[in-house]
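Below are the chains, spelled out letter by letter.
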Amino acid sequence: MDKFVCLDGVVAPLDRANVDTDAIIPKQFLKSIKRAGFGPNLFDEWRYLDVGQPGQDNSSRPLNPSFVLNQPRYQGATILLTRKNFGCGSSREHAPWALLDFGFRAVIAESFADIFFNNCFKNGILPVVLSASEIDDLFALVEATPACTLLIDLERQLVRRPDGRELSFAVDPFRRECLLNGWDDIGLTLRHADLIKAFEEKRRIEQPWLFA
Amino acid sequence: MPQTLYEKLWQDHVVHQEADGTALIYIDRHLIHEVTSPQAFEGLKLAGRKPWRVSSIMATADHNTPTDHWDRGIEDPVSRLQVETLDENIREFGALAYFPFKDPRQGIVHVVGPESGATLPGMTVVCGDSHTSTHGAFACMAHGIGTSEVEHVLATQCLLQKRSKTMQIRVSGVLGQGVTAKDLALAVIGRIGTAGGTGFAIEFAGSAIRGLSMEGRMTLCNMAIEAGARMGMVAVDEVTIDYLRGRPYAPQGAAWDRALVVWRKLHSDEGARFDSVLDFVAEDIRPQVTWGTSPEMVVSIDACVPDPTDQPDAVKREGMGRALHYMGLQPNMPIRDIRLDKVFIGSCTNSRIEDLRAAADVVRGRKVASSIQLALVVPGSGLVKQQAESEGLDRVFRAAGFEWREPGCSMCLAMNADRLEPGERCASTSNRNFEGRQGAGGRTHLVSPEMAAAAAIAGHFCEPAMLDSLSEMRKTP
């Protein structure tokens, strides 16, 4: 996993609440057995005017010009700004994989669905929770500022606006450490292998039917 | 100190805890299907690791499998490769049980786990699928995980978790005639919203819950994720124990007696404190129909499609307008006037034997309306299908004009060939009415099996009890 320390990037605004994982990456693309290559199909049904299929050449497909990611001013965006309950629905990790493959490294929203939120941290994407009024202000700012950028500083847990205003956000200390260092969860957990073995043996004696 | 069920389950699985409360939680049961596991097995192999305990694994193929023409195999090469990759991974690493494509016990992972007895009270159950909340019906700590976590569980038999907040949803009274666990689930989501349970583990309690069968409890816990809660759960009682007795992977003999002693403690203690408590009255709940593109966009069968202009919140109002446009509906039209093109009875929410019996009771002796292009029944598993056929339910459905298919996830998410075409409208017993969920441009209305069956017969939404008077009206010149 790539480290996440500081990100200075263009913001793309997706002004909808309850964006679900079916919208982020439709089901036909989940047939892949790979982790990469989902970027061209991120928000597929909103981004293109036709119905996409896996393995297709996406460069020749008709784009929906009104969809935000197709607008020239948001090209190269690395930060997605959206509304509450982003990532609701299925547990598909293909959703953060698609965001990452497209180029997003952070998503700012009023709230996130639990499983999606968790999946982001496993892939070096930082989900940032801000208040409804801070989100409203950011939407207004992004609308008014061509190629608006934000600086997200995970070490200081701050989002800095171009006007210098700083918005602080909370993040679990453990998850923050993992992102700052790019740590592999599995490696960390296996340091406790002896504890896991001991727990398992005790459980096997107390509730043997769980191990049948 | 009195504890909630969730607190008991949590405490029973903590291997280690970090200073900030992040805990290493031991996983008893790991359910695996073909869509969210290939990258996890690949990661495991690349790192030179082996699964920690293969006897925790139960696997089946469900999302990509076709529901007809099994003699032709899986015709879509991309789907076939994904299913074959699961075959290979299980062959290489092993599992407690594997029910591959065409196995008589194959089916939707959340149907197969409980019916085989692989889901047992007090377990932690995970799967790379959000509807793993289903297994909470057995007083399990059960939730969906992403593929990185599938790999983490394979490699370490544990997950890194933060403790959830607790919510109790108490439902007093008795559900009325024709009102099901599905209607209860939708009514709860309609009230608390799709983010209402975010950060919580929900325990369903009260007389209406105790009155539900295990199938009904599974339907309810299945939909907890649609309320934003990763987990839903119900305490163990005699209904739980009766369901489990004699299942292939449930304990037998002396082990069964020992297990019962442990299981009977799996309930919230008198006086246990929840972070949030919500009360519902069963008698207030009517059959539910979703009208929009989120499960929270739901009203009762007696209502009309809501009018966005009545909504004071601007973001919500815009969302409602967008949903109505997508669904091709007008504000204020009666729900009963919505006409359907297709009907789908199936999914991990509503494809168990009780669901099929209830739908068959509505259909028996009647015909699917001529305006319905396709009415589909997809049993949740091979064993559900066998059971239904032994009761003659397949003949009831077929005689009415339904198609009777092979088990799988099917049109719930349309990864296989079963799907809606753009603009088609479907009464569906599944769990998500998101844009494009059942096929690009498809329009989904979530309902109970009884309501889906009645919609197939009438061609529009109506309560099963109204079917006779409708057909009388049609006969009258």
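Keep in mind that what you see is a predicted model, and the values were worked out from it rather than measured.

A.B. asks: Please set out the overall build of chain A residue by residue, giving values where relevant.
C.D. replies: Of regular secondary structure, chain A possesses eight helices and seven strands. Summarising its shape, the C-alpha atoms of chain A cover approximately 65 × 45 × 25 Å along the three principal directions. At a minimum sequence separation of 6, the contacts of chain A that also span at least 24 residues come to 64%. Counting every atom, chain A has about 8,300 Å² of accessible surface; 53% of that belongs to carbon and sulfur. Computed over 25 positive and 29 negative side-chain charges, the separation of the two mean positions in chain A equals 3 Å.

A.B. asks: So what's going on with the packing of aromatic side chains? Residues and values would help.
C.D. replies: Per the counting criterion, the structure on display carries 19 aromatic pairs over all chains. Both rings, one in A:F102 and one in A:F104, keep their centres 5.2 Å apart while their planes meet at 20°; by these two values the pair is stacked. A centroid spacing of 5.3 Å and a plane angle of 40° characterise the contact between A:F199 and B:Y26, whose relative ring orientation is tilted. Note that A:F199 is positioned in helix α8 (residues 193-206) and B:Y26 in strand β2 (residues 23-26), a pairing that runs across two chains. By relative accessible area, A:F199 is classed as buried at 16%. Among the aromatic residues, those joined into a cluster by ring pairs are A:F86, A:F112, A:F116, A:F117 and A:F121. For the cation-ring pair, B:R191 lies above B:F280, with the distance from its terminal atom to the ring centre recorded as 4.0 Å.

A.B. asks: Tell me about helix α5 (residues 132-144) of chain A, and please be specific about residues and values.
C.D. replies: Three- or four-residue spacings in an α-helix give side chains the same orientation, since the helix completes a turn every 3.6 residues. Residue and element names in this part refer to chain A. When the terminal C-alpha atoms of α5 are compared, their 19 Å separation across 13 residues agrees well with the 18 Å that a helix rising 1.5 Å per residue should span. For α5, the full list of buried residues reads I135, L138, F139, L141 and V142. Projection of α5 onto a plane perpendicular to its axis shows the buried side chains occupying an angular sector of 165°, all on one side. Exposed residues pointing more than 90 degrees away from the buried face of α5 are listed as E143 and A144. Residues of α5 that are buried make contact with β1 (6-14), β2 (79-82), β3 (106-109), β5 (149-153) and β7 (166-168).

A.B. asks: Give a detailed account of unusual backbone geometry, specifying residues and quantitative values.
C.D. replies: Notably, A:N18 is not glycine yet its phi reads approximately 55°, a positive angle. Position of A:N18 among the secondary structure elements: in the loop between β1 and α1 (21-24). Residue class for A:N18 comes out buried when judged on its relative accessible area of 18%. The backbone of B:A139 shows a phi angle near 55°, a positive value even though the residue is not glycine. Inspection of the secondary structure puts B:A139 in the loop between β6 (124-127) and β7 (141-144). We classify B:A139 as buried; its relative accessible area is 0%.

A.B. asks: Can you tell me about the interface of chain B and chain A, naming the residues and giving the values?
C.D. replies: Listed by partner, the interface residues are 76 residues for chain B and 59 residues for chain A. Between chain B and chain A the total buried area reaches about 5,700 Å² when both faces are included, carbon and sulfur atoms providing 56% of it. There are 11 salt bridges connecting chain B and chain A. Ionic pairing is found between B:E42 and A:K34, a salt bridge with its closest N-O pair at 3.5 Å. Counting the contacts that link chain B with chain A gives 35 residue pairs in polar contact (both at pLDDT 80 or more). For the side of chain B that touches chain A, the elements supplying multiple residues, two or more each, are β1 (14-17), β2, α2 (38-46), α3 (77-93), α5 (147-156), β8 (158-161), α10 (253-263) and α11 (314-327) of chain B. Per-element accounting of the side of chain B that touches chain A gives the leading share, seven residues, to α5(B).

A.B. asks: With reference to specific residues and values, describe the nonpolar core.
C.D. replies: Counting residues in each nonpolar core, the largest one holds 114 residues, and the members touching the most others are A:F43, A:F86, A:L99, A:I108, A:I152, B:F402 and B:F461. The leading source of residues in this core is helix α15 (residues 449-458) of chain B, at eight residues. Setting aside residues no more than four positions away along its own chain, A:I108 makes contact with A:I79, A:L80, A:L81, A:T82, A:V128, A:L130, A:I135, A:L138, A:L150 and A:I152.

A.B. asks: How would you sum up helix α4 (residues 114-121) of chain A? Please name residues and give values.
C.D. replies: Within α4(A), six of the eight residues are buried, which leaves the element mostly enclosed by the surrounding structure. Of all the positions in α4(A), only A:I115, A:F116, A:N118, A:N119, A:C120 and A:F121 are classed as buried. In the core, the buried residues of α4(A) are packed alongside α1, α3 (94-102), β4 (126-129) and α6 (173-181) of chain A together with β7 and α5 of chain B.

A.B. asks: Give me the lowdown on the environment of B:K385, citing residues and values where you can.
C.D. replies: Residue and element names in this part refer to chain B. Along the polypeptide, K385 turns up in helix α13 (residues 382-390). Each C-alpha atom of the pair K385 and R105 lies 9.7 Å from the other, and the pair is 280 residues apart in sequence. Each residue touching K385, except ones within four places of it in the same chain, is listed here: P379, W404, R405, E406 and P407.

A.B. asks: Talk me through the side chain of A:N85; I want residue IDs and the actual numbers.
C.D. replies: Following the sequence through the fold, A:N85 ends up in the loop between β2 and α3. Here A:N18 takes part through its side chain, which lies 2.9 Å from a polar atom of the side chain of A:N85. In this structure A:N85 touches A:N18, A:V19, A:S111, A:F112, A:A113, B:T194, B:A195 and B:T198, once residues within four positions along its chain are discounted.

A.B. asks: Lay out the packing of helix α6 (residues 181-192) of chain B against helix α8 (residues 214-222) of chain B in plain terms, naming residues and giving numbers.
C.D. replies: Residues and elements named next belong to chain B. Two elements in contact, α6 and α8, have axes whose closest approach is 8 Å; the angle formed by their N-to-C orientations is 25°. By the angle between their directions, the pair α6 and α8 is classed as roughly parallel. Crossing of α6 over α8 shows right-handed handedness. When α6 is examined against α8, the residues A181, K182, L184 and A185 are found in contact with a partner set consisting of G216, T219 and L220. When grouped by side-chain class, the residues that make up the contact of α6 with α8 number four nonpolar, two polar and one charged.

A.B. asks: Just give me the short version of the pairing of β4(A), but keep the residues and values in it.
C.D. replies: Residue and element names in this part refer to chain A. Bridge analysis of β3 against β4 gives four bridges, and the strand direction is parallel. Note on β4: the bridge partner recorded for I108 is V128. For the segment spanning β3, α4 and β4, crossover handedness is right-handed.

A.B. asks: So what's going on with the pattern of salt bridges? Which residues, and what values?
C.D. replies: Considering all chains together, one arrives at 52 salt bridges over all chains under this definition. For B:K385, the salt bridge is made with B:E389, and the minimal N-O distance between the two is 3.3 Å. Residue B:K385 and its partner B:E389 are located together in helix α13, separated by four residues, close to a single helical turn. Residue B:E389 is classed as partly exposed on the basis of its relative accessible area, which comes to 29%. Each of A:D153, A:R156, A:R160 and A:E166 takes part in a single network of salt bridges with overlapping partners.

A.B. asks: I'd like a description of the sheet that holds β1(B), backed by residues and values.
C.D. replies: Note on sheets: strands pair through backbone hydrogen bonds, and any given pair is parallel or antiparallel. Residue and element names in this part refer to chain B. Overall, antiparallel pairing links the three strands, which are arranged β1-β2-β8 in an open sheet. Unpaired on one side and paired on the other, β1 and β8 mark the two borders of the sheet. Averaged over neighbouring strand pairs, the angle between their axes works out to 25° when direction is ignored. Bridge count for β2 against β8 is four bridges, and the pairing is antiparallel. For L24, the partnering residue across the bridge sits in β8 and is L160.

Conventions used here
Residues numbered from 1 in each chain as written. Chains lettered and ligands numbered in written order. Predicted model: local features only at pLDDT ≥ 70, side-chain atom pairs only at ≥ 80, totals over all residues. Heavy atoms only, no water. Helix = DSSP H or I, 4+ residues; strand = E, 2+ residues; numbered from the N terminus. Contact = heavy atoms within 4.5 Å. Areas by Shrake-Rupley, 256 points an atom, 1.4 Å probe, with all protein chains shown as cover. Lys, Arg positive; Asp, Glu negative; His and termini not counted. Charge placed at Lys NZ, Arg CZ, Asp CG, Glu CD. Phe/Tyr/Trp six-rings, centres within 6.5 Å; stacked < 30°, edge-to-face > 60°. Buried < 20%, exposed > 50% of the residue type's maximum accessible area, 1.4 Å probe, protein only. Lys NZ or Arg CZ within 6 Å of the ring centre and 35° of its normal. Expected span 1.5 Å × (residues − 1). Arc of directions from axis to C-beta. Buried area = accessible area lost by both parts, 1.4 Å probe. Salt bridge = Lys/Arg side-chain N within 4 Å of Asp/Glu carboxyl O. Polar contact = N/O pair within 3.5 Å; in protein donor to acceptor, adjacent residues only side chain to side chain. Core = buried A, V, L, I, M, F, W, Y, C linked by side-chain atoms within 4.5 Å. Axes fitted to C-alpha atoms, helices over the stretch in contact; angles between N-to-C directions. Parallel < 35°, antiparallel > 145°, perpendicular 65-115°, else oblique. Left-handed = near helix turned anticlockwise from the far one by under 90°. Nonpolar A, V, L, I, M, F, W, Y, C, P; charged D, E, K, R; others polar. Pairing = 2+ DSSP bridges. Right-handed = clockwise from strand over helix to strand, strands pointing away.

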